[in-house]
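# Report on the structure
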Amino acid sequence: SINPRVMASFFRKLNREELTYNENLEFLMTHPHNNSRIKAALEYELQQDFREKSFALKWQKIKESFN
């Protein structure tokens, strides 16, 4: 399971890397705007038995895949 706080951090990083789009066009998109995802992640209530599992994320490789 992924901690929603970590997901919020991930989408903030996308925003900093300018991998975002115009928030006003969200209604035309197939996915929510990053800011909407951040808000939803921060508002998500974890279940009592939530256990975070770590995984390796190679940010540089992901970033290169966009080029």
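Going by the structure above, here's the rest.
Every residue gets a number counted from 1 within its own chain, in the order that chain's sequence is written. In view of the model being predicted, local features appear only for residues whose pLDDT reaches at least 70, and side-chain atom pairs are presented and counted only at 80 or more, with totals across whole chains, interfaces and linings using the full set of residues. With hydrogens and water set aside, each side-chain value is computed from the structure's full complement of heavy atoms.

With that settled, consider the environment of Arg 51. Runs of E in the DSSP output that reach at least two residues are strands. Runs of H or I that reach at least four are helices, and both are numbered from the N terminus. Looking at the secondary structure, you find Arg 51 in the loop between helix 2 (34-43) and helix 3 (59-65). Partly exposed residues are those whose accessible area sits between 20% and 50% of the maximum for their type, while under 20% is buried and over 50% is exposed, using a 1.4 Å probe and protein chains only. Since its relative accessible area comes to 62%, Arg 51 is described here as exposed. Separated by 49 residues in sequence, Arg 51 and Ile 2 have C-alpha atoms that sit 8.5 Å apart.

All right, on to the pattern of salt bridges then. When the charged atoms of two side chains lie near each other, side chains of opposite charge can form a pair. Should a side-chain nitrogen of Lys or Arg be within 4 Å of a carboxyl oxygen of Asp or Glu, the pair is scored as a salt bridge. Using the criterion set out here, one finds one salt bridge in the structure. The partner of Lys 39 in a salt bridge is Glu 43, and the shortest N-O contact between them spans 2.9 Å. Within this pair, Lys 39 and its partner Glu 43 are both found in helix 2, separated by four residues, close to a single helical turn.

Let's shift gears to the nonpolar core. The nonpolar core is taken to be a set of buried Ala, Val, Leu, Ile, Met, Phe, Trp, Tyr and Cys residues, with the residues joined through side-chain atoms within 4.5 Å. Judged by nonpolar contacts, Ala 8, Phe 11, Leu 14, Ile 38, Ala 41 and Trp 59 together constitute the single largest core of six residues. When residues of this core are traced back to their parent elements, those giving at least two are helix 1 (4-16) and helix 2. The dominant element in this core, judged by the number of residues it contributes, is helix 1, at three residues.

Turning next to a nonpolar patch on the surface. Where nonpolar side chains cluster on the molecular surface, the patch consists of Ile 2, Val 6, Phe 55 and Leu 57 and spans about 370 Å² of accessible area. Mapped onto the secondary structure, Val 6 falls in helix 1. Without a salt bridge and with relative accessible area above 30%, a residue can belong to a patch; like charges are then joined within 9 Å and nonpolar side chains (Val, Leu, Ile, Met, Phe, Trp, Tyr) within 5 Å. Residue exposure ignores everything except the shown protein chains as possible cover, and the areas themselves are Shrake-Rupley values with a 1.4 Å probe.

All right, on to helix 2 then. Taken as a whole, helix 2 has its buried residues at Asn 34, Ile 38 and Ala 41. The arc that holds the buried residues of helix 2, viewed along the axis, is 70°, so those residues lie on one side. Set apart from the buried face of helix 2 by more than 90 degrees, the exposed residues are Lys 39 and Glu 43. Picture the helix axis, draw a direction to every C-beta atom, and the arc is the one those directions span.

Here we come to the side chain of Asn 3. The topology assignment puts Asn 3 in the segment before helix 1. Whenever a nitrogen or oxygen atom comes within 3.5 Å of another N or O atom, the pair is scored as a polar contact, on the condition that within protein one atom can donate a hydrogen and the other can accept it, and that pairs from neighbouring residues in sequence are kept only if both atoms are in side chains. Side-chain polar atoms of Asn 3 contact the side chain of Glu 52, separated by 3.4 Å. Residue contacts are defined here by distance: any two heavy atoms, one from each residue, within 4.5 Å place the two residues in contact. The residues touching Asn 3, leaving out its near neighbours within four places in the chain, are Phe 50 and Glu 52.

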